[in-house]
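Architecture and fold: a report
What follows is the residue order along each chain.
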Amino acid sequence: MRELLLGLLVILDPGHRGSNLGATGVLPGIHEKRLTLQLARGLARRLQGAGVQVELTRRDDAFVTIRERVRRVNTAGRGS
């Protein structure tokens, strides 16, 4: 199975960022933007461990415009 994943490129776009909190959880301080980023980071680690190349459109809480996210997807894996 691992051989099938080698060389694959997966791009994760962990939604909401910056001042856009997304949905608010039942517990105080839980916001969609934090959960999506945490999940994307965890998934990226697991995929990388299986030999998959992974790019995230954001790695922190910085705001990234749609245009920039599209640019990052289109240039992913090209070293840009």
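Going by the structure above, here's the rest.
The notes below deal with the structure included here. Note that the structure is predicted; figures quoted are calculated from it, not measured. (Residues numbered from 1 in each chain as written. Predicted model: local features only at pLDDT ≥ 70, side-chain atom pairs only at ≥ 80, totals over all residues. Heavy atoms only, no water.)

**Topic: helix α2 (residues 32-49)**
Since the α-helix advances by 3.6 residues per turn, residues separated by three or four positions end up pointing in the same direction. Threshold: In this description a helix means any DSSP run of H or I spanning at least four residues, a strand means any run of E spanning at least two, and both kinds are numbered starting from the N terminus. To estimate the expected span of a helix, subtract one from its residue number and multiply by 1.5 Å. For every residue, the accessible area (1.4 Å probe, protein chains only) is compared with the maximum for its type, and the residue is labelled buried under 20%, exposed over 50%, or partly exposed between those bounds. The contact definition used throughout considers only heavy atoms, calling two residues in contact when any of these lie within 4.5 Å.
Here α2 spans 26 Å end to end across 18 residues, near enough to the 26 Å set by a 1.5 Å rise per residue. Within α2, the full set of buried residues consists of Lys33, Leu37, Ala40, Gly42 and Ala44. Tucked inside the fold, the buried residues of α2 contact β1 (9-12) and β2 (53-56).

**Points about the pairing of β2**
Threshold: The criterion for strand pairing is that DSSP finds at least two bridges linking the strands in question.
Burial along β2 is one-sided: the residues Val54 and Leu56 are buried and none of Gln53 and Glu55 is. Examined bridge by bridge, β1 and β2 share 4 bridges and lie parallel to one another. The residue of β2 that forms the bridge with Val10 is Val54.

**With respect to the environment of Asp13**
Stated precisely, the cut-off is as follows: Pairs of N or O atoms are called polar contacts if they sit within 3.5 Å, as long as, within protein, a hydrogen donor faces a hydrogen acceptor (for residues adjacent in sequence, only side-chain-to-side-chain pairs).
Its place among the elements puts Asp13 in the loop between β1 and α2. Once the C-alpha coordinates of Asp13 and Thr57 are considered, the two residues, 44 residues apart in sequence, prove to be 5.1 Å apart. The residues contacting Asp13, other than those within four sequence positions of it, are Thr57 and Arg69. A distance of 2.4 Å separates polar atoms of two side chains, one belonging to Asp13 and the other to Thr57. One polar contact links Asp13 to Arg69, side chain to side chain, over a distance of 2.4 Å.

This is a description of form; function is not addressed.
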